[in-house]
Amino acid sequence: MNSTEENTMLNLGLKLGENLKKFRLQRELTQEQLADVLGVSAQAVSRWENGTTYPDITLLPTIVSYFEITLDELMGMENWRSEEQLKELLGQLEENGSKGLIYENILLLRDAVKTYPTNYELQFRLVNQLAFCEYKDGRGLSEEEKISFNREAAEIGNRILSHCTDGAIINQTTQQLCYIYSSLGEKEKAIEYAKKLPNIGCTDTVVLGDLYEGEQQKTHLKRAIKWYTSIFWCALINLADLGYRNETMSDAERIEIMKKALAILELVFDDGDYLNYSGTVSITHRYIADLAMSEGDYELALSSLEKAAQFAVMSDTLPENARHTSLLVNNLEYGPFNTIKNYDFTDCKELYDKMQADRYNAIRDDKRFSAVLEKIGRYC
């Protein structure tokens, strides 16, 4: 018997003892009384219950018959099988996620939440997958399907908030509901949910950075810096108002904000080890190119597109595993599951498609523009 099998038998033995005690107490029996029923000593029952020894196999039919239970219930096999099935399910979800099979995960999770109705982590996963799903059966979702998925996600999310007591899951679900309701055009409801979230100073990211010590603190703070970088970048993108909701801001000001977003990324990843942030750098350069065209600054537009292409290729050719080398994040691992995408997508393909926009007609015949298209076209 190998070590895994030995551990399984030990766990089942412990479960047997726990369950035997549970069923005895449900009948309001003492160990002595149960011993009399089974024709053994009270000490034997005590040893069974604490997992020191197990009942003779010939006694098992008598025990399950007396308590009117199944052998699986006595041995804890039902829970053990359930845990094994859950482990297998989580593995399948991760594998599907790495391949972009989000709709397939939705189908799995819809069944899983029926089997595990109080597993709120699974319910949150379903909310998340419904909110991010873009493709079904090899085709893009229609607007009606997207709305239907978001409505389903909102219903499940609110059910989680009504019954779950896990603070982390509650906060994650609340955050997701903000974006779901925003997508549904219910902005006031989204803001209402957002106000229920803790502010940035009341997060475990901040507090644990103060409480941890030594290497644990260093690793935590480096991860926090990466997280803060993403938050800061998003804040700058929103401030730049690329949707042109703020009539008082000029494109020149927007460009300067985008340059500061790049400066933040360059500050954190000073060795150029952007890894899974390469796509973020590419998008930022592309935003600058878009704005430069509006300003008539064709040189800036071309140089920004060249850089956008450089980092798009970098993003689409990431190694399976790597470590950051920059001082603020050095030794943090990057792996393939850090960049799970929810559909068949490459940064090069997105850049290629965006460069077909009419705004680029003024430089479309430029050799540098054509060279960028050729470069990223190989990865589309």
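Residues numbered from 1 in each chain as written. Predicted model: local features only at pLDDT ≥ 70, side-chain atom pairs only at ≥ 80, totals over all residues. Heavy atoms only, no water.

Caption draft 1: Geometry of the overall build of the protein chain. Secondary structure assignment for the protein chain yields 18 helices and four strands. Expected size for 380 residues packed as a compact globule is a radius of gyration near 21 Å; at 29 Å, the protein chain overshoots this value by more than 25%. Expressed along its principal axes, the backbone C-alpha trace of the protein chain runs to roughly 95 × 50 × 40 Å. Within the protein chain, the fraction of its 380 residues that count as buried is 40%. (Helix = DSSP H or I, 4+ residues; strand = E, 2+ residues; numbered from the N terminus. Rg over C-alpha atoms; globule rule 2.2 N^0.38 Å. Buried < 20%, exposed > 50% of the residue type's maximum accessible area, 1.4 Å probe, protein only.)

Caption draft 2: The pattern of salt bridges, seen in detail. A full pass over the atoms with the stated rule returns 24 salt bridges. One salt bridge connects Glu152 with Arg110, and the closest N-O pair in it is separated by 2.7 Å. Pair noted here: Glu152 is in helix α9 (residues 143-163) and Arg110 is in helix α7 (residues 102-115), with a separation of 42 residues, a long-range link. For Arg110, a relative accessible area of 24% corresponds to the partly exposed category. Notably, a salt bridge pairs Glu256 with Lys259, separated by 3.8 Å at the nearest N-O pair. On the criterion of helical spacing, the pair formed by Glu256 and Lys259 is a turn pair, its members being three residues apart in helix α14 (residues 251-268). According to the relative accessible area criterion, Lys259 is partly exposed, its value standing at 37%. Among the charged side chains, a network of salt bridges with common partners joins Asp241, Arg245, Asp251 and Arg254. (Salt bridge = Lys/Arg side-chain N within 4 Å of Asp/Glu carboxyl O.)

Caption draft 3: A look at empty space enclosed by the protein. One pass over the structure, following the stated rule, counts one cavity of 30 Å³ or more. In this structure, the largest cavity occupies an estimated 50 Å³ of space. Lining the largest cavity are Ser282, Ile283, Arg286, Ala308, Asp347, Glu350 and Leu351. Only α15 (278-295) and α17 (347-354) provide two or more residues apiece to the lining of the largest cavity. In the lining of the largest cavity, the residues fall into three nonpolar, one polar and three charged. (1 Å grid on protein atoms, 1.4 Å probe; cavity = no way out; pocket = protein on both sides within 12 Å on 5 of 7 lines; lining within 4 Å. Points joined across faces, edges and corners; volume = space filled by probe spheres on them. Nonpolar A, V, L, I, M, F, W, Y, C, P; charged D, E, K, R; others polar.)

Caption draft 4: Quick peek at a nonpolar patch on the surface. On the surface, a cluster of nonpolar side chains totalling about 400 Å² of accessible area is made up of Ile200, Trp227, Tyr228 and Ile231. For Tyr228, a relative accessible area of 32% corresponds to the partly exposed category. (Patch = residues over 30% accessible without salt bridge, like charges linked within 9 Å, V, L, I, M, F, W, Y side chains within 5 Å. Areas by Shrake-Rupley, 256 points an atom, 1.4 Å probe, with all protein chains shown as cover.)

Caption draft 5: Here's a closer look at the packing of α15 against helix α16 (residues 298-316). Packing of α15 against α16 brings their axes to within 8 Å, and their N-to-C directions diverge by 160 degrees. Here α15 is positioned roughly antiparallel relative to α16, judged by the angle of their axes. The crossing of α15 and α16 is left-handed. Along the contact surface, α15 presents Ser278, Gly279, Val281, Ser282, His285, Arg286, Ile288, Ala289, Ala292 and Met293, while α16 presents Tyr298, Leu300, Ala301, Ser304, Leu305, Lys307, Ala308, Phe311, Ala312, Met314 and Ser315. (Axes fitted to C-alpha atoms, helices over the stretch in contact; angles between N-to-C directions. Parallel < 35°, antiparallel > 145°, perpendicular 65-115°, else oblique. Left-handed = near helix turned anticlockwise from the far one by under 90°. Contact = heavy atoms within 4.5 Å.)

Caption draft 6: Region of the structure containing helix α2 (residues 31-38). Among all positions in α2, only Leu34, Ala35 and Leu38 are buried. Burial along α2 is one-sided: seen end-on, the buried residues are contained in an arc of 105 degrees. (Arc of directions from axis to C-beta.)

Caption draft 7: How the structure looks around the environment of Phe149. Along the chain, Phe149 turns up in helix α9. By relative accessible area, Phe149 is classed as buried at 7%. Sequence separation between Phe149 and Gln172 is 23 residues, and the spatial gap between their C-alpha atoms is 18 Å.

Caption draft 8: Spotlight on the packing of aromatic side chains. Counting across every chain of the model gives eight aromatic pairs. For the pair Tyr360 and Phe369, a centre-to-centre distance of 5.8 Å together with 45 degrees between the ring planes defines the contact as tilted. Here the aromatic residues Phe269, Tyr274, Tyr277 and Phe311 are joined through ring pairs into a cluster of three or more. The aromatic ring of Tyr66 is capped on one face by Arg27, whose charged end is 5.0 Å from the ring centroid. Its guanidinium or amino end placed over the ring of Tyr193, Lys196 lies 4.7 Å from that ring's centre, counting from NZ or CZ. (Phe/Tyr/Trp six-rings, centres within 6.5 Å; stacked < 30°, edge-to-face > 60°. Lys NZ or Arg CZ within 6 Å of the ring centre and 35° of its normal.)

Caption draft 9: Spatial organisation of unusual backbone geometry. In this structure, Glu68 takes a positive phi of about 55 degrees despite not being glycine. Looking at where Glu68 falls in the secondary structure, it is placed in the loop between α4 (60-67) and α5 (71-75).

Caption draft 10: Expanded view of the packing of α14 against α15. Interaxial distance between α14 and α15 falls to 9 Å at its minimum, and their mutual angle equals 160 degrees. Classified by the angle between their axes, α14 and α15 sit roughly antiparallel to one another. Where α14 crosses over α15, the handedness of that crossing is left-handed. The residues of α15 that touch α14, namely those facing Asp251, Ala252, Arg254, Ile255, Met258, Lys259, Ala261, Leu262 and Leu265, are Thr280, Val281, Thr284, His285, Tyr287, Ile288, Leu291, Ala292, Ser294 and Glu295. A breakdown of the residues in the contact of α14 with α15 according to their chemical character gives eleven nonpolar, four polar and four charged.

Caption draft 11: Layout of the confidence of the model for the protein chain. When pLDDT is averaged along the protein chain, the result is 89, and 92% of the positions lie at 70 or above. pLDDT under 50 marks residues 1-10. Its contacts with residues more than four places away, or in other chains, come to five contacts. Below pLDDT 50 for its whole length, residues 337-343 participates in 21 contacts with residues either more than four positions away or in separate chains. (pLDDT = per-residue confidence, 0-100.)

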